[in-house]
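As a plain string of letters, each chain reads:
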Amino acid sequence: MPRLDLTDTERLTLANQYEILAELRKNEHYALMAETLRDGYPWLYEQYFDSLAENLPDDKAQHVLTILGIYGDMRDSYAQLTDKTGINERDLALPGFDGN
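Note that the structure is predicted; figures quoted are calculated from it, not measured. (Residues numbered from 1 in each chain as written. Predicted model: local features only at pLDDT ≥ 70, side-chain atom pairs only at ≥ 80, totals over all residues. Heavy atoms only, no water.)

Q: Explain the packing of aromatic side chains here, please?
A: Both the distance between ring centres and the angle between the ring planes are used here to describe each pair of aromatic rings. The final tally for this structure, using the stated rule, is 1 aromatic pair. Measuring from ring centre to ring centre gives 6.0 Å for Tyr-18 and Tyr-30, while their planes differ by 15°; the resulting arrangement is stacked. Separated by 12 residues along the polypeptide, Tyr-18 in helix α1 (residues 8-25) and Tyr-30 in helix α2 (residues 28-39) bring together distant segments of the chain. The class for Tyr-30 is buried, based on a relative accessible area of 17%. (Phe/Tyr/Trp six-rings, centres within 6.5 Å; stacked < 30°, edge-to-face > 60°. Helix = DSSP H or I, 4+ residues; strand = E, 2+ residues; numbered from the N terminus. Buried < 20%, exposed > 50% of the residue type's maximum accessible area, 1.4 Å probe, protein only.)

Here it is as structure tokens:
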């Protein structure tokens, strides 16, 4: 993951959100994250975000949206059919995307 550069304002905002989560969920982990963000040591707080995936490039995002649109159109068309003989509704369900 590339270096995470947060402004002081972003760090303060995230720290406040983690403090709220710590109180709401009674979870010390969130309180520790808030403290780490307030302390301002990037090599420590970056570990909390190491599970973030890279941003999906625009062309791939558009491809996903196109596929979702096609499946939506198929469902809508199927719903409007009066004779659905020979069409299995399960075949119109989006099988999902591979995480890779």
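Q: Honestly, a nonpolar patch on the surface in this entry has me stumped. Any pointers?
A: Taken together, the side chains of Leu-65, Leu-68, Leu-94 and Phe-97 define a hydrophobic patch exposed on the protein surface, amounting to about 350 Å² of accessible area. Judged by relative accessible area, which is 38%, Leu-68 ranks as partly exposed. (Patch = residues over 30% accessible without salt bridge, like charges linked within 9 Å, V, L, I, M, F, W, Y side chains within 5 Å. Areas by Shrake-Rupley, 256 points an atom, 1.4 Å probe, with all protein chains shown as cover. Salt bridge = Lys/Arg side-chain N within 4 Å of Asp/Glu carboxyl O.)

Q: Just to check I follow, could you spell out α2 for this structure?
A: An α-helix turns once every 3.6 residues. As a result, residues three or four positions apart point the same way. Under the 1.5 Å per step criterion, the end-to-end length of α2 is 16 Å for 12 residues, consistent within 8% with the ideal 16 Å. What α2 keeps buried is the set Tyr-30, Met-33, Ala-34, Thr-36 and Leu-37. Down the axis of α2, the smallest arc covering the buried residues is 165°, so these residues share one side. On its buried side, α2 packs onto α1 and α3 (42-45). N-cap assignment for α2: the residue whose side-chain oxygen lies 2.8 Å from the backbone N of His-29 is Asn-27. (Expected span 1.5 Å × (residues − 1). Arc of directions from axis to C-beta. Contact = heavy atoms within 4.5 Å. Polar contact = N/O pair within 3.5 Å; in protein donor to acceptor, adjacent residues only side chain to side chain.)

Q: Quick question: what am I supposed to make of unusual backbone geometry here?
A: As a rule of thumb, non-glycine residues mostly have phi less than zero, and peptide bonds are mostly trans rather than cis. Backbone geometry places Lys-26, a non-glycine residue, at a positive phi of 50°. Position of Lys-26 relative to the elements: it lies in the loop between α1 and α2. Taking the relative accessible area as the measure of exposure, Lys-26 reaches 67% and is therefore exposed.

Q: Before we go on, may I ask you to explain helix α4 (residues 58-80) in this structure?
A: Across its 23 residues, α4 extends 33 Å between first and last C-alpha, which sits within 8% of the 33 Å expected from 1.5 Å per residue. If you check which residues of α4 are buried, you get Ile-67, Tyr-71, Gly-72 and Tyr-78.

Q: Explanation requested: the pattern of salt bridges in the structure shown.
A: Any two side chains of opposite charge can pair, on the condition that their charged atoms come close. This structure, assessed with the given rule, holds 3 salt bridges. Arg-11 is the salt-bridge partner of Asp-8, the closest N and O atoms lying 2.8 Å from each other. Residue Asp-8 and its partner Arg-11 are both found in helix α1; the two are separated by 3 residues, about one turn of the helix. A relative accessible area of 59% places Asp-8 in the exposed class. Judged by its relative accessible area of 15%, Arg-11 falls in the buried class. In this structure, Arg-38 engages Glu-19 in a salt bridge whose closest nitrogen and oxygen atoms are separated by 3.0 Å. With Arg-38 in helix α2 and Glu-19 in helix α1, this pair connects stretches of sequence that are 19 residues apart. On the basis of relative accessibility, which here comes to 38%, the residue Glu-19 falls in the partly exposed class.

These results come straight from atomic positions and should not be treated as a statement about function.
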